[in-house]
Amino acid sequence: MLDMIKDRYDDLTDYLDEHESVRSIICLLYLPLTLIFMEIIVKIKIFGSLFDEKFKYMFFLTLAMGFFLSLVAMFLPGGARRFFFKVTLAVLAVWYSFHVSYQGNFQTFFSWQTLGQAKDITQFWREAIVATLNVWYMVLAFFLPLVLMCLLGRMLVPDETPPNHVFAAISLTGLIVFYLPILVVINQSKDESGDYTPYYYYTYLQNDLDSTFRYFGIINTTRLDIKQLIFGA
């Protein structure tokens, strides 16, 4: 059995060695697809639906963030790129796991702007452990991309891999293509009737934190949360 697995691994490695562009495409899409994978899990499990009217905001902004991370990775050589992938995937897995556990315990999402309430976490640490155990399958799913990268990392990103400026340019294009159009849509919504528009949530997320997570997902709400913590709404 182990010999068969090793043979398949060697065959796949040989194929990627002969088709370097395929390897680069996998590296290019690994982080964007990982982020979409994690956000879909959260959206289905916590919010109970996927393809609602808010899906496009989460989808476009999450892919834009994924391509930004890929842009950074493509400028790195083999060993550094593989290390960047592993560290990024580990941080994402821990951060998403923390959020779903926190939400399961406190029925709301964590915000850096309410960090003063961190005593709640220490006061109810037993409940936090129970909440984590209740979503153990989600936690395992969040760590799956990291496990795959640890197992296949040297095949996907060999040590001698040079920086790939062509695919860095493609990553930058993906970032622009997915980010700017949805930003225009969000900005146009400020002229809509009513207060609770995508523009409202994008600009003043603390007024309705859960709705902001529903619109933009965990990774981009975290970005907005940190930005508003530093610079204000």
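Details of the structure are given in the entry above.
Residues numbered from 1 in each chain as written. Predicted model: local features only at pLDDT ≥ 70, side-chain atom pairs only at ≥ 80, totals over all residues. Heavy atoms only, no water.

Q: Would you take a moment to explain the environment of Leu140 for this structure?
A: Following the sequence through the fold, Leu140 ends up in helix 7 (residues 136-156). Residue class for Leu140 comes out exposed when judged on its relative accessible area of 53%. With 43 residues separating them in the primary sequence, Leu140 and Ser97 have C-alpha atoms 8.9 Å apart. (Helix = DSSP H or I, 4+ residues; strand = E, 2+ residues; numbered from the N terminus. Buried < 20%, exposed > 50% of the residue type's maximum accessible area, 1.4 Å probe, protein only.)

Q: Looking at this model, I keep getting lost on the pattern of salt bridges. Mind explaining?
A: Side chains that differ in sign of charge can pair as their charged atoms come close. Scanning the model with the defined rule gives five salt bridges in all. A salt bridge links Asp159 to Arg82; its shortest N-O distance comes to 2.5 Å. Remark: Arg82 occurs in helix 4 (residues 78-106) and Asp159 occurs in the loop between helix 7 and helix 8 (165-188); sequence separation between them is 77 residues. Residue classification places Asp159 among the partly exposed positions, given a relative accessible area of 46%. A relative accessible area of 7% means that Arg82 is categorised as buried. By sharing partners, the salt bridges in this structure join Arg82, Arg154 and Asp159 into a single network. (Salt bridge = Lys/Arg side-chain N within 4 Å of Asp/Glu carboxyl O.)

Q: Sorry, what's going on with the nonpolar core here?
A: The tendency in soluble globular proteins is for nonpolar side chains to be buried side by side. Counting residues in hydrophobic clusters, the biggest one holds 51 residues, and the most contacted among them are Leu35, Val42, Phe85, Tyr96 and Phe142. Of all the secondary structure elements, the ones that give two or more residues to this core are helix 2 (20-47), helix 3 (55-74), helix 4, helix 7, helix 8 and helix 10 (209-231). Setting aside anything within four residues of it in sequence, one finds Leu35 in contact with Thr62, Met65, Gly66, Leu69, Leu92, Tyr96 and Ile219. Counting 10 residues, the second largest nonpolar core, distinct from the first, contains Leu61, Tyr201, Tyr202 and Leu224. (Core = buried A, V, L, I, M, F, W, Y, C linked by side-chain atoms within 4.5 Å. Contact = heavy atoms within 4.5 Å.)

Q: Looking at this structure, how should I read the packing of helix 2 against helix 10?
A: For any two helices packed against each other, the geometry comes down to the angle between their axes and how far apart the axes lie. One can describe the packing of helix 2 onto helix 10 by two numbers: an axis separation of 7 Å at closest approach and a directional angle of 155 degrees. Classified by the angle their axes make, helix 2 and helix 10 are roughly antiparallel. Across the interface between the two elements, Leu35, Glu39, Val42, Lys43 and Phe47 of helix 2 pack against Asp210, Phe213, Arg214, Gly217, Ile218 and Ile219 of helix 10. Its residues assigned to classes, the contact of helix 2 with helix 10 shows six nonpolar, one polar and four charged. (Axes fitted to C-alpha atoms, helices over the stretch in contact; angles between N-to-C directions. Parallel < 35°, antiparallel > 145°, perpendicular 65-115°, else oblique. Nonpolar A, V, L, I, M, F, W, Y, C, P; charged D, E, K, R; others polar.)

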